[in-house]
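Structure at a glance
Each chain, written out:
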Amino acid sequence: MSRAVRWVVAGVAALVTFGGGAAVVRALPWGWLPQEDGARLDTALGFGALAGTAVLAGLGWWAGRERQPVPAPAPPARTLVQTATATDDGEVRQSGGGATHLEQHAEASDSGRILQSGRGTDAGHERVEQRAKATGRGRVEQSGHDGLPGQGA
């Protein structure tokens, strides 16, 4: 129910309570109420105003509330760390994706070869870190978020 509709309901309920309370007090012959018409009307209107105000206070609180949207839960942070070593004619292939924090570490010596590719999350909260070390005739190929290969030595 929209906020405007809730305020209309609160106002109508307060007016109905005021009118109903005043009519009941004026119509019923209670012994403790004044018997004169003017005094009886004053008492009835006072009672109606008090009852209507009480209803408006309660329903006004209800009508004025804003429904807070439920925030979507944050995706859990995902860390991916990869470490590798290639020697002689060894080859290391590392790829990682979908992590908010991606680290790849590799070392190659002699004719070792390293291929690394990594991509963070699509949300933009990413950190892709690739470190490689090659010695001798070792070879390193790395690609990051944009998918374009980079060369390292």
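Structure shown above.
Residues numbered from 1 in each chain as written. Predicted model: local features only at pLDDT ≥ 70, side-chain atom pairs only at ≥ 80, totals over all residues. Heavy atoms only, no water.

1. A look at the overall build of the protein
Each helix and strand in the protein was counted, giving two helices and seven strands. Going from the N terminus to the C terminus, the protein shows its helices and strands as α-α-β-β-β-β-β-β-β. Put simply, the protein has 153 residues, and 29% of those count as buried. Sequence-distant contacts in the protein: of pairs separated by 6 or more residues, those separated by 24 or more amount to 41%. When the accessible surface of the protein is split by element, carbon and sulfur atoms take 60% of a total near 10000 Å². (Helix = DSSP H or I, 4+ residues; strand = E, 2+ residues; numbered from the N terminus. Buried < 20%, exposed > 50% of the residue type's maximum accessible area, 1.4 Å probe, protein only. Contact = heavy atoms within 4.5 Å. Areas by Shrake-Rupley, 256 points an atom, 1.4 Å probe, with all protein chains shown as cover.)

2. With respect to the side chain of Arg40
Looking at where Arg40 falls in the secondary structure, it is placed in helix H2 (residues 37-64). Apart from residues no more than four positions distant in its own chain, Arg40 is found in contact with Val25, Arg26, Leu28, Pro29, Trp30, Leu33, Pro34 and Gln35.

3. What to know about the nonpolar core
Within the largest apolar cluster, eight residues are counted, these being Ala84, Ala86, Val92, Ala106, Ala108, Ile114, Ala134 and Val140. Within the residue set of this core, elements represented by two or more residues are strand E1 (79-86) and strand E3 (101-108). Those residues in contact with Ile114, other than ones at most four positions away along the chain, are Val92, Ala106, Glu107, Ala108, Ala132, Lys133, Arg139, Val140 and Glu141. (Core = buried A, V, L, I, M, F, W, Y, C linked by side-chain atoms within 4.5 Å.)

4. Describing H2
Every α-helical turn comprises 3.6 residues, leaving residues that sit three or four positions apart pointing alike. Here H2 spans 39 Å end to end across 28 residues, near enough to the 40 Å set by a 1.5 Å rise per residue. Those residues of H2 that sit buried are Arg40, Ala44, Gly48, Ala51, Gly52, Gly60 and Ala63. Those residues of H2 that are buried are in contact with helix H1 (3-27). (Expected span 1.5 Å × (residues − 1).)

5. Focus: the packing of aromatic side chains
Each aromatic ring pair is characterised by the separation of its centres together with the angle its planes make. Under the counting rule described, the total for this entry stands at zero aromatic pairs. Sitting over the ring of Trp61, Arg65 keeps its end group 5.0 Å from the ring centre. (Phe/Tyr/Trp six-rings, centres within 6.5 Å; stacked < 30°, edge-to-face > 60°. Lys NZ or Arg CZ within 6 Å of the ring centre and 35° of its normal.)

6. Comments concerning H1
Between its first and last C-alpha, H1 extends 36 Å over 25 residues, near the 36 Å set by a 1.5 Å rise per residue. Turning to H1, the residues buried within the fold contact H2.

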